[in-house]
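Listed below, chain by chain, are the residues.
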Amino acid sequence: MRKAMLFGLVGCLLGVIAAPPARAAEAGPKAFVVLVGVKDYTDKAIKDRVHTEDDAKALYDLFTNKDYLNTPADHVKLLLGTKDEKRPSEEATKDNILKALHWAITKAGKDDLVVFAFLGQGAPFGERSCFFGKDSTFKDRAKDAINAGEIEKELESLKSERFVALIDIFFKGFDAGKESVQEPNPMDLYKIFLGNDDKEDHQAPAGRVVFLATNGLKQGLDLEKNGLFTHAILDGLKGKADKEGYEADGVVTVDELVKHLEKQVPELCRTHGKTKEEKELIHHVLGSRFNHFALTSNPAVAADAQKRLDKFSKLAKESKLSPAITEEGQQLLSRMPKLLAHQSLRKNYQKLADGDLALADFTKARDQIYADMKLRRADAVSYARTVLLAAKMLRDNYVKEQNLGDLVGHSVKGLCKRIEDKKVPQELKARLDKVKTLDEEELKDLLSDTRELLGKREDLDKSKDVEISLLMMTTHLDPYTTYIDKETLGEFKRGTDATFTGIGIQIRKDSITDQLLVVTPIKGSPAYKAGLKAGDIITKLTRETDSDGTRLDQTEVIDTKGLPLTDAVSKILGKPGTKITLTVVREGADKPIDTTITRGSVQVETVMGHKRRDSDEWDYVIDPENKICYVRVTSFARNTFLDLDKVITPMVEQGAVKGLILDLRFNPGGLLSSASDISDLFIDDGLIVTIKPRSSPEHSYTGKRAGSLLNFPMVCMVNGGSASGSEIVSACLQDHKRAVIIGERSYGKGSVQNIVDFKPTGGQLKMTTASFWRPNGKNLNKSSTKGTDEEEWGVTPDKGFLVELSRKERDDLAVHQRDIEIIARRDLPAKEVKEPFKDRQLDKALEYLRGQIKTASKVEPKKAG
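Enquirer: Would you mind going over the overall build of the protein chain in detail, with residue names and values included?
Expert: Along the backbone of the protein chain there are 26 helices and 32 strands. Scaling as 2.2 N^0.38, a compact globule of 865 residues should have a C-alpha radius of gyration of about 29 Å, and the protein chain matches this with 30 Å. Considering only C-alpha atoms, the protein chain reaches an extent of 115 × 70 × 60 Å along its principal axes. Every one of the 865 residues in the protein chain was classed for burial, and the buried ones make up 52%. A total accessible area of about 40,300 Å² is found for the protein chain, and carbon and sulfur atoms account for 50% of it. One finds the centroid of the 136 positive side-chain charges in the protein chain at a distance of 1 Å from the centroid of its 135 negative side-chain charges.

Enquirer: Before we move on, could you go through the packing of aromatic side chains and cite the residues and values that matter?
Expert: For the structure on display, the rule yields 10 aromatic pairs. Ring plane angle 40° and centroid distance 6.4 Å describe the contact between Phe116 and Phe193, whose orientation is recorded as tilted. Taken together, the positions of Phe116 in strand E4 (residues 113-125) and Phe193 in helix H6 (residues 188-194) put the pair 77 residues apart, joining distant regions of the chain. Their ring planes at 65° and their centres at 4.7 Å tell us that Tyr349 and Phe362 sit as a pair that is edge-to-face. Within this pair, whereas Tyr349 is found in helix H12 (residues 340-354), its partner Phe362 is found in helix H13 (residues 359-373), the two being separated by 13 residues in sequence. The exposure class assigned to Tyr349 is buried, which follows from its relative accessible area of 0%.

Enquirer: Residue-level account of the pairing of strand E28 (residues 699-703), with values.
Expert: Where strand E27 (residues 686-693) and E28 come together, 5 bridges link them in antiparallel fashion. Paired with Thr690 across the bridge in E28 is Ser700. From the end of E27 to the start of E28, which pair antiparallel, there are 5 residues.

Enquirer: Can you tell me about empty space enclosed by the protein, naming the residues and giving the values?
Expert: The gaps left among the atoms become clear once a water-sized probe is rolled over them. All told, the structure shown has 5 cavities of 30 Å³ or more when counted by the stated rule. What the second largest cavity holds in volume is close to 70 Å³. What lines the second largest cavity is Ala213, Thr214, Gly220, Leu221, Leu228, Phe229, Val265, Cys269, Leu281, Ile282 and His283. When residues of the lining of the second largest cavity are traced back to their parent elements, those giving at least two are helix H7 (228-240) and helix H8 (254-272). Residue composition of the lining of the second largest cavity, grouped by class: 8 nonpolar, 3 polar and no charged.

Enquirer: Talk me through helix H17 (residues 440-454); I want residue IDs and the actual numbers.
Expert: When the terminal C-alpha atoms of H17 are compared, their 21 Å separation across 15 residues agrees well with the 21 Å that a helix rising 1.5 Å per residue should span. Across the 15 residues that make up H17, a large majority, 11, are buried. The backbone nitrogen of Glu441 has a side-chain oxygen 3.2 Å away, supplied by the residue at the start of H17, namely Asp439. The first or second residue beyond H17 is Gly455, which carries a positive phi of 70°.

Enquirer: Let's hear about the packing of helix H11 (residues 323-334) against H12: which residues, and what values?
Expert: Closest axis-to-axis distance for the H11/H12 pair is 9 Å, and the angle between their directions is 105°. In terms of orientation, H11 lies roughly perpendicular with respect to H12. Here Ile325, Glu328, Gly329, Leu332, Leu333 and Ser334 of H11 come into contact with H12, specifically with His342, Leu345, Arg346, Tyr349 and Gln350. A class-by-class count of the residues in the contact of H11 with H12 yields 5 nonpolar, 4 polar and 2 charged.

Enquirer: Outline unusual backbone geometry, supporting the account with residue identities and numerical values.
Expert: Positive phi is not limited to glycine here, since Asp616 has a value of about 75°. When you line up the elements, Asp616 lands in the loop between strand E22 (611-612) and strand E23 (618-619).

Enquirer: Tell me about the side chain of Lys94, residues and numbers included.
Expert: Relative to the assigned elements, Lys94 resides in helix H3 (residues 94-107). Side-chain polar atoms of Lys94 contact the backbone oxygen of Lys143, separated by 3.0 Å. Beyond its immediate stretch of four places on either side in the chain, Lys94 contacts Gly133, Asp135, Lys143, Asp144, Ala145, Ile146 and Glu150.

Enquirer: Tell me what's going on with the pattern of salt bridges, and back it up with residues and numbers.
Expert: Scanning all chains against the criterion turns up 58 salt bridges. Salt-bridge contacts for Asp379 lead to Arg376; the nearest nitrogen and oxygen are separated by 2.9 Å. Under the relative-accessibility criterion, Asp379 is labelled partly exposed at 31%. Connected through salt bridges with shared partners, the residues Lys374, Arg377, Arg431, Asp449 and Glu452 form a single ionic network.

Enquirer: I'd love a proper account of the environment of Asp459, names of residues and values included.
Expert: Within the fold, Asp459 resides in the loop between H17 and helix H18 (464-475). Overall, Asp459 belongs to the partly exposed group, its relative accessible area being 26%. Separated by 363 residues in the primary sequence, Asp459 and Asn96 have C-alpha atoms spaced 46 Å apart. Those residues in contact with Asp459 that lie beyond four places of it in its chain are Leu339, Ile419, Lys464 and Ile468.

Enquirer: Describe the side chain of Asp84, listing the residues and the values that go with them.
Expert: Structurally, the position occupied by Asp84 is in the loop between strand E2 (76-80) and strand E3 (90-91). Note on Asp84: relative accessible area 9%, which makes it buried. Polar contacts involving the side chain of Asp84 include one to the main-chain amide nitrogen of Arg87, which spans 2.7 Å. The residues touching Asp84, leaving out its near neighbours within four places in the chain, are Lys57 and Ser89.

Enquirer: Describe in detail the environment of Tyr68, supporting the description with residues and values.
Expert: Relative to the assigned elements, Tyr68 resides in the loop between helix H2 (52-64) and E2. Sequence separation between Tyr68 and Ala302 is 234 residues, and the spatial gap between their C-alpha atoms is 9.4 Å.

Enquirer: Tell me what's going on with the environment of His610, and back it up with residues and numbers.
Expert: Of note, His610 is situated in the loop between strand E21 (607-608) and E22. A sequence separation of 210 residues divides His610 from Ile820, and the C-alpha atoms of the two residues are 7.8 Å apart. Filtering out sequence-adjacent residues up to four positions away, His610 remains in contact with Trp618, Asp619, Tyr620, Val621, Ile622, Tyr630 and Ile820. Polar contacts involving the side chain of His610 include one to the main-chain carbonyl oxygen of Val621, which spans 3.1 Å.

Enquirer: Residues and numbers for the confidence of the model for the protein chain, please.
Expert: Across the protein chain, the average pLDDT comes to 91, with 93% of residues at or above 70. Note on residues 1-20: pLDDT under 50 across the span, and 46 contacts to partners over four residues away in sequence or across chains. Below a pLDDT of 50 lies the segment residues 22-26, which in the model reaches 12 contacts outside its immediate sequence neighbourhood of four places, other chains included.

Enquirer: Could you give an account of the pairing of E4, naming the residues involved and the relevant values?
Expert: With 12 of 13 residues buried, E4 lies mostly within the body of the structure. With 7 bridges connecting them, strand E1 (residues 31-37) and E4 associate as parallel partners. In the sheet register, Val33 faces E4, and the bridge partner there is Val115. With 8 bridges joining them, E4 and strand E7 (residues 163-170) adopt parallel strand pairing. Bridging across to E7, Val115 finds its partner in Val164.

Enquirer: Requested: an account of the packing of H2 against H7, with residues and values cited.
Expert: Where H2 meets H7, the axes come as close as 10 Å, and the angle between the chain directions of the two elements is 5°. Relative to H7, the element H2 lies roughly parallel. Touching Asp55, Ala58, Leu59, Leu62 and Phe63 of H2 are Thr230, Ile233, Leu234, Leu237 and Lys238, all from H7. The residue makeup of the contact of H2 with H7, split by class, is 7 nonpolar, 1 polar and 2 charged.

Enquirer: Tell me about H8, residues and numbers included.
Expert: For H8, with 19 residues, the first-to-last C-alpha span of 26 Å sits near the 27 Å given by 1.5 Å per residue. Where H8 bends most, the angle comes to about 30°, and this point is Leu261. Residues of H8 that are buried: Val254, Asp255, Glu256, Leu257, Val258, His260, Leu261, Gln264, Val265, Leu268, Cys269 and Arg270.

Conventions we followed
Residues numbered from 1 in each chain as written. Predicted model: local features only at pLDDT ≥ 70, side-chain atom pairs only at ≥ 80, totals over all residues. Heavy atoms only, no water. Helix = DSSP H or I, 4+ residues; strand = E, 2+ residues; numbered from the N terminus. Rg over C-alpha atoms; globule rule 2.2 N^0.38 Å. Buried < 20%, exposed > 50% of the residue type's maximum accessible area, 1.4 Å probe, protein only. Areas by Shrake-Rupley, 256 points an atom, 1.4 Å probe, with all protein chains shown as cover. Lys, Arg positive; Asp, Glu negative; His and termini not counted. Charge placed at Lys NZ, Arg CZ, Asp CG, Glu CD. Phe/Tyr/Trp six-rings, centres within 6.5 Å; stacked < 30°, edge-to-face > 60°. Pairing = 2+ DSSP bridges. 1 Å grid on protein atoms, 1.4 Å probe; cavity = no way out; pocket = protein on both sides within 12 Å on 5 of 7 lines; lining within 4 Å. Points joined across faces, edges and corners; volume = space filled by probe spheres on them. Nonpolar A, V, L, I, M, F, W, Y, C, P; charged D, E, K, R; others polar. Expected span 1.5 Å × (residues − 1). Polar contact = N/O pair within 3.5 Å; in protein donor to acceptor, adjacent residues only side chain to side chain. Axes fitted to C-alpha atoms, helices over the stretch in contact; angles between N-to-C directions. Parallel < 35°, antiparallel > 145°, perpendicular 65-115°, else oblique. Contact = heavy atoms within 4.5 Å. Salt bridge = Lys/Arg side-chain N within 4 Å of Asp/Glu carboxyl O. pLDDT = per-residue confidence, 0-100. Bend = angle between axes of the 7 residues up to and from the residue.

What follows is the structure, encoded as structure tokens:
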């Protein structure tokens, strides 16, 4: 019976739900395509786009071509600014665009392909966005442009799980005249096509993928005949993306197109961009990267693939192959499978069809492949026990009560979804339907059967089966509860501990050379001491030993051109005491420089001043005349309290502090103990925060430090990026009236996460175990409310101290904060002189403190006696 079940699932996983794209006009799944391109607009306040109509026409030609998608003309809507004489088209007015989108969405079934391409201009519209039709006007865009909400509403009715959007829109392509326009919100594109991401349990709809030329804040590049983005899309869909597996299979899938664009778009930008900004343009992909549905055929190999399919069908009929084997062969010969075992099976079917393998030998080889794929029951049970252990940990400790069966059910369905297919095997559906009522032993059997059905496969070995199951299990909880695998754990710990072992540099890919650019060395790190400088281009990595210190058989010399950033980081990191040599090209140096660095412990700065001195140390005194100090805390790591105490307390004791600004803007939080200790530094005895778990008594943190810093006025600055630990500190200081809160309302994350080791895999479970409550007795969790402005959530600035920034000001602030962290070269003049950054929130803080200090100075001290 288990053998039959195994084959049943393998057949499901290998299944090609749709016919090959070249047969889209036949019975079966269909394609519905809407293509919008507007070159010039009736309203001259909206700027022209050079190739948008050419791009839409090129896509029309591809999708209707029998060699690629073969979509019938009546299944394609082409909407242009100017009527096309060669192709059936409509004018791209607002009404026509919305009607066409509505047509595609309502016509398409679950397995039908829907393609929506919009190539043109847009603009901000309040907090949302709008798309311009031919008849739209900038001034009256509220009435005659396509509002983001209109597209979003249409997509709510979409039944298709094969939706692809190709979007090349520029949200600044207009002349606003005297109108003050809010900065575009690039995240609105996510909301439009994938739904509202504010809710804790939000997941992107199944089978939706959005390809963006840019984030909408920059205009995409134009090549000679098409836009760069469309050029790359066309190349991929015509066959260049058909690269998965050991050979092209004649079908271009979504995930193949994703990989194609990841490689081609940066190369095209580096080649054709004229400025640094243009060379650094990047595209974006929204939605699941695990979509494997077909988009087009690759005619270079599709005809040969079809001939082989025809030969196999004839052989199957003549040899009276079983329906199961016939179907399996057709599926494998139609599409390249992901798994190596399935690829081996495909090769045998190819040999069988070509007459290079006798049927008896084929049957023997096929049986052996299936035998090798069979998983031992003991291994399946081990998997089940491990997943069940995690589920019970979540059930017992998660902040909200959970049903054990629900957690297991999510892991089973999630595991099946994350591998090649979205379908749960028929054999498991009945049990999944009643999973809430199953006891622990029945749940273990369900997990064991699922894992045994999936068999041996490289994408599930080395604990990947458990890790995927835990990730999918936690996806249905809040966004802060997750599983952290062993590989990611190092990076996660570096964030919470603010320490790691390595050489201590921030790097990114250089857009011009495609090599590694040193953004900055970290103060006090081995790289800093070795003289590495911001702006250095790392061209080679040379290692005599691996990152664990084991001597290599031969010296490893790695060219960084084209080296993925994650691979570069893994090569550079390593055990303390081990060495690595970096070859760098430095501006002003005659030749490349080889620098050998001994890895060591690196402590990341989390306590910063308002600027760096010439010594690279931080300057914390922002107003020497009034003795106002400024400290920015970027996260609450293990060392943050000690570092802050080390900075502030001596200055206070020396009488150098008459006012303090504590900047927690963009601080996402960190360790509860660190946030509590920092709160205690600035308040007298009293409540700091109350933690309320579900499964244990509540616990309160109170001020207990002797010698708290109380004798000067204080400002705490927050914004929408201030979360968790930042909100504990700012709420405590506000409720104790120790500091005035200035800025914008904080994020609203009133929950506590506990991180526990998960020994079976070497990873960790991070789970929300409690809510936290500020001293005034209120919980500031936004997700516990409707999230409206009128409700109480987050930390709101004190009355009169709300200083709201525009989106541009907020982005500029984030860039400014990153810029001042860089340890700049002082041996070269600055390449560009930036205008002084105006920080209105900081100005308000300084204004308040100067007023408090001035008032205090006028109060005569009381005489003794």
